[in-house]
Amino acid sequence: MAKKEIGKQSVEFDCPPLIVGAASVVGEKEAQGPYGKYFDHVIKDPMAGQDTWEEAEERFQQMAAEMAIEKCGLEKKDIRYVVAGDLLGQLIASSFGLMNLDIPIFGVYGACSTMGESLAIGSMLVDGGFADRVVALTSSHFASAEKQFRFPLGYGNQRPKAATWTVTGSGAVVLSSQFDTKKKFSGKTNVQKIVQVRGVTTGKIVDYGVKDSMNMGACMAPAAADVIAANLEDFQRKPADYDQIITGDLGQVGRQILLDILEAKGYDIASRYMDCGIEIYRDDQNVQSGGSGCGCSAVMLTGYILQKLQKQEWKRVLFVPTGALLSPVSFNEGKSVPGIAHGVILESAEEKSEKRS
């Protein structure tokens with residue numbers, strides 16, 4: 001078997017896993033943003049008919065997973081593993097939300113970088129021959145996140161300009177070693193193309209000593225810059241080799257920090273860079289620096305980015321979900337907020353019906 005390690009932090013797959021299904025479930029605020037038409041399902045009730053914010057987030061995850069599996073014509077019994085996580089303590093949105101799927105599950109935590117982590121681990125399972133099909137997903141909810149990490153909603157505190165708005169939503173993808181689904185990955189565009197995961201660059205924990213829990217962009221940007229530079233070095237690429245380099249939720253503040261750090265390293269990505277947190281809401285939606293949360297990059301991936309790759313408007317994308325490792329315990333003890341980011345290389349490819357060796 002060929003060695004798959006590339007450089008210091010990366011992996012390149014021999015048989016790139018295919019993304020054969022995807023689904024996005026969002027709240028009403030997200031649906032009112034500029035990408036609302038790309039999302040599969042909108043839940044207008046932020047409680048999703050449940051009794052608590054946490055149960056609402058569980059429902060978002062359950063719906064996203066079931067929709068992604070159904071959209072590619074598979075059944076729950078066809079899935080070998082689920083790799084999922086969220087922002088809540090003990091991953092309760094994932095554990096309670098996905099319990100009834102009755103599928104073996106790996107729970108992962110990468111803060112808001114969790115979609116990148118779940119995609120990376122799921123792809124390694126498929127490429128390594130440990131599973132034919134894996135569902136990778138994550139979620140976040142504005143109210144459950146604020147309740148856990150900051151203040152009760154009833155507190156009514158003012159939000160500084162550097163703050164971001166946690167996305168209420170969940171995104172799920174089905175990874176497969178073969179294109180053998182009962183119906184084509186359609187989404188809303190029904191383009192007869194497929195997307196593959198070509199490689200992964202695993203991020204390191206980077207801590208610049210930021211202690212502002214309302215400025216997650218500043219916490220995460222150094223980690224995002226570190227993993228993007230590592231990806232370019234490991235794969236011996238230039239920024240121009242990607243149609244887009246897409247971070248998860250740095251927001252307006254984190255965006256500029258990222259560009260400045262990368263420029264100092266000799267990389268200019270400004271002409272092909274976008275941030276899901278900046279894109280997902282309109283400027284007049286009162287979200288300060290932009291969107292955040294695990295669901296931010298997840299729903300942008302499953303709702304918009306994959307469609308651009310399916311249409312082959314983009315051929316290769318570096319998808320970099322970003323996370324701030326904020327713990328109420330460590331924060332209240334005076335610790336800083338480290339950052340983490342993971343890079344996933346997504347490429348447009350032709351559909352294949354035969355099983356790949």
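Since this is a predicted model, take the numbers as computed values, not measurements. Positions within a chain are numbered from 1, following the residues in the order the chain's sequence is written. In keeping with the model being predicted, local features are shown solely for residues with a pLDDT of at least 70 and side-chain atom pairs are shown and tallied solely at 80 or more, while totals for entire chains, interfaces and linings include all residues. Side-chain calculation: all heavy atoms of the structure are included, whereas hydrogens and water are not.

(A) Quick peek at the pairing of strand E11 (residues 244-247). Here's how the labels work: a residue is buried when its accessible area is under 20% of the maximum for its type, exposed when over 50%, partly exposed in between, all with a 1.4 Å probe on protein chains only. Numbered from the N terminus, helices here are DSSP runs of H or I no shorter than four residues, and strands are runs of E no shorter than two. Both faces of E11 are covered, namely the face carrying Gln244 and Ile246 and the face carrying Ile245 and Thr247. Bridging between E11 and strand E12 (residues 273-275) involves three bridges; their strand directions are parallel. Within E12, the position partnered with Ile246 by the bridge is Met274. Read from E11 through helix H7 (residues 251-264) to E12, the crossover connection turns out right-handed. Strands pair, by our definition, only if DSSP identifies at least two bridges between them. The handedness of a crossover follows from its direction of travel: if, with the strands pointing away from the viewer, the path from the first strand over the helix to the second runs clockwise, the crossover is right-handed.

(B) Representation of the pattern of salt bridges within the structure. What counts as a salt bridge is simple: a side-chain nitrogen of Lys or Arg found within 4 Å of a carboxyl oxygen of Asp or Glu. Applying the stated criterion across every chain, the model contains nine salt bridges. Among the ionic pairs, Lys238 bridges to Asp241, the shortest N-O distance being 3.9 Å. Residue classification places Lys238 among the exposed residues on the basis of a relative accessible area of 52%. Measuring nitrogen to oxygen at the nearest pair gives 2.9 Å for the salt bridge that ties Arg282 to Asp284. Overall, Arg282 belongs to the partly exposed group, its relative accessible area being 35%. One salt-bridge network, held together by shared partners, links Lys4, Asp14 and Asp127.

(C) Structural detail: the packing of helix H6 (residues 216-234) against H7. Axis lines are fitted to C-alpha atoms, over the contacting stretch for helices. Their N-to-C directions set the angle, which ranges from 0 to 180 degrees. In the contact formed by H6 and H7, the axes pass within 8 Å of each other and the chain directions differ by 35°. Viewed along their axes, H6 and H7 form a crossing whose handedness is right-handed. Contacts between H6 and H7 involve Gly217, Ala218, Ala221, Pro222, Ala224, Ala225, Ile228 and Ala229 on the former and, on the latter, Gly254, Ile257, Leu258, Ile261 and Leu262. Of the residues belonging to the contact of H6 with H7, the class tally is 11 nonpolar, two polar and no charged. By definition, any crossing whose near helix is turned counterclockwise from its far helix by less than a right angle is left-handed, and any crossing with a clockwise turn is right-handed. By definition, residues are in contact when any of their heavy atoms lie within 4.5 Å. Only Asp, Glu, Lys and Arg are considered charged in this grouping, and only Ala, Val, Leu, Ile, Met, Phe, Trp, Tyr, Cys and Pro are considered nonpolar; every other residue, Gly among them, is considered polar.

(D) Main features of the packing of helix H4 (residues 114-127) against helix H9 (residues 294-310). Where H4 contacts H9, the two axes come as close as 8 Å, and the packing angle between them is 60°. Put simply, H4 runs oblique to H9. Contact residues: H4 offers Thr114, Met115 and Leu119, while H9 offers Cys294, Ser297, Ala298 and Leu301. The cut-offs work like this: below 35 degrees is roughly parallel, past 145 is roughly antiparallel, 65 to 115 is roughly perpendicular, and the gaps in between are oblique.

(E) Summary view of the pairing of strand E5 (residues 81-85). Counting buried residues along E5, five of its five residues qualify, which places the element largely inside the surrounding structure. Along E5, one buried face is formed by Tyr81, Val83 and Gly85 and the opposite face, lined by Val82 and Ala84, is buried too. As paired strands, E5 and strand E7 (residues 133-140) are joined by five bridges and run parallel to one another. Across the sheet, residue Ala84 finds its bridge partner in E7, namely Leu137. Where E5 meets strand E6 (residues 105-107), three bridges bridge the pair, whose relative direction is parallel. Of the residues in E6, the one forming a bridge with Val82 is Ile105. Chirality of the crossover, the property in question, places the unit of E5, helix H3 (residues 92-98) and E6 among those that are right-handed.

(F) Representation of the nonpolar core. By convention a nonpolar core is built from buried Ala, Val, Leu, Ile, Met, Phe, Trp, Tyr and Cys residues, the set being connected through side-chain atoms within 4.5 Å. Of all hydrophobic cores here, the largest spans 47 residues; its most connected members are Leu119, Val173, Leu301, Ile305 and Leu346. It is H9 that contributes the most residues to this core, nine residues altogether.

(G) Broad picture of unusual backbone geometry. Residue Ala111 is not a glycine yet carries a positive backbone phi of 55°. One can find Ala111 in the loop between E6 and H4. Judged by its relative accessible area of 0%, Ala111 is buried.

(H) Fine view of the packing of aromatic side chains. Here a pair means two rings of Phe, Tyr or Trp (six-membered ring of Trp) with centres within 6.5 Å. Their orientation is stacked below 30 degrees between planes, edge-to-face above 60, and tilted elsewhere. Scanning the entire structure with this criterion turns up six aromatic pairs. With 5.1 Å between their ring centres and 50° between their planes, Tyr81 and Phe106 make a pair best called tilted. Here Phe106 lies in strand E6 and Tyr81 lies in strand E5, a separation of 25 residues in the sequence. Overall, Tyr81 belongs to the buried group, its relative accessible area being 16%. Assessed through its relative accessible area of 38%, Phe106 is described here as partly exposed.

(I) View of the confidence of the model for the protein chain. The pLDDT averaged across the protein chain works out to 91; a share of 91% of its residues lies at or above 70. Confidence drops under pLDDT 50 across residues 184-192; counting only partners more than four residues distant or on other chains, this segment forms 26 contacts. Confidence drops under a pLDDT of 50 for residues 352-357, and excluding neighbours within four residues, the segment shows 15 contacts in the predicted structure. Residue-level confidence of the predictor, termed pLDDT, takes values from 0 up to 100.

(J) Structural context of helix H2 (residues 53-71). By definition here, a helix of n residues has an expected span of 1.5 Å times n minus one. Here H2 is 19 residues long and its end C-alpha atoms lie 27 Å apart, about the 27 Å a rise of 1.5 Å per residue gives. Across the 19 residues of H2, 14 count as buried, placing the element largely inside the fold.

(K) Seen up close, the state of the cysteines. To count as a disulfide, a pair of cysteine sulfur atoms needs to be within 2.5 Å. As enumerated under the stated definition, the model contains zero disulfides in all. Between Cys276, a cysteine without a disulfide, and Cys296, which holds the nearest cysteine sulfur, the sulfur-to-sulfur distance is 5.5 Å.

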